[in-house]
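Observations on the three-dimensional arrangement
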Amino acid sequence: KATACARDVEKIELLVERGIWDEAERSLDEVIDSIGKVPHLLYLRARSRYGLGKYYEAVADLGSLLKQEKDDVDALLLRGQAYYRVGE
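Notes on the structure follow.

What follows is about the pattern of salt bridges. Following the criterion strictly, the structure yields six salt bridges and no others. The shortest N-O distance in the salt bridge between Asp29 and Arg45 comes to 2.9 Å. With a gap of 16 residues between them, Asp29 in helix H2 (residues 21-35) and Arg45 in helix H3 (residues 39-51) connect regions that are remote in the sequence. Given the relative accessible area of 24%, Asp29 is considered partly exposed. The shortest N-O distance in the salt bridge between Arg45 and Asp61 comes to 2.8 Å. Linking Arg45 in helix H3 with Asp61 in helix H4 (residues 55-68), this pair joins segments that are 16 residues apart in sequence. Residue classification places Arg45 among the buried residues on the basis of a relative accessible area of 8%. Look at the salt bridges and you will find they share partners, linking Glu25, Asp29, Arg45, Arg49, Lys54 and Asp61 into a network.

Rendered as structure tokens:
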């Protein structure tokens, strides 16, 4: 199971790098439902949701991530950008 999960994460990282947001979000939903709210996965899903214009959903994922890793600079930056997009 761990090997399959690692392959899924590698595939998802490629999708995010290429900006294939909708497929990345769907895949991340499945993986997160399966293994839980791992910070790296939450960040990838937040990036995907941000790319799709789902700013509030991105903020929610980043909030969950930051509860686990409060000093994650990338998450803080993306959350600030998402808040900016929604005018908060």
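Another aspect to go through is the packing of H2 against H3. Axis angle and axis distance: for two packed helices, these are the angle between their axes and the distance between the axes, and together they describe the pair. Interhelical geometry of H2 versus H3 gives an angle of 150 degrees and a closest axis separation of 9 Å. The pairing of H2 with H3 is recorded here as roughly antiparallel in orientation. Where H2 crosses over H3, the handedness of that crossing is left-handed. Contact residues: Trp21, Ala24, Glu25, Leu28, Asp29, Val31, Ile32 and Ile35 in H2; Leu41, Leu42, Leu44, Arg45, Arg47, Ser48, Arg49 and Gly51 in H3. Of the residues contributing to the contact of H2 with H3, the split by class is nine nonpolar, two polar and five charged.

Thresholds, definitions, all that
By convention here, each chain's residues receive numbers from 1 onward along its written sequence. The predicted nature of this model means local features are confined to residues of pLDDT at least 70 and side-chain atom pairs, given and counted, to a pLDDT of 80 or more, with totals for whole chains, interfaces and linings taken over all residues. No hydrogens and no water enter the side-chain calculation; it runs on all heavy atoms of the structure. Note on definitions: salt bridges are taken to be side-chain nitrogens of Lys or Arg within 4 Å of carboxyl oxygens of Asp or Glu. Starting at the N terminus, helices and strands are each numbered in turn, a helix being any DSSP run of H or I of at least four residues and a strand any DSSP run of E of at least two. Think of it in three bands: with a 1.4 Å probe and only protein chains considered, a residue is buried below 20% of the maximum accessible area for its type, exposed above 50%, and partly exposed in between. Geometry is summarised by axes, namely lines fitted to C-alpha atoms with helices restricted to the contacting stretch, and by angles between N-to-C directions that run from 0 to 180 degrees. Note on terminology: angles under 35 degrees are roughly parallel, angles over 145 are roughly antiparallel, angles of 65 to 115 are roughly perpendicular, and the others are oblique. By definition, any crossing whose near helix is turned counterclockwise from its far helix by less than a right angle is left-handed, and any crossing with a clockwise turn is right-handed. By definition in these notes, contact holds between two residues if any of their heavy atoms fall within 4.5 Å. Gly falls in the polar group here, along with every residue not listed as nonpolar (Ala, Val, Leu, Ile, Met, Phe, Trp, Tyr, Cys, Pro) or charged (Asp, Glu, Lys, Arg).

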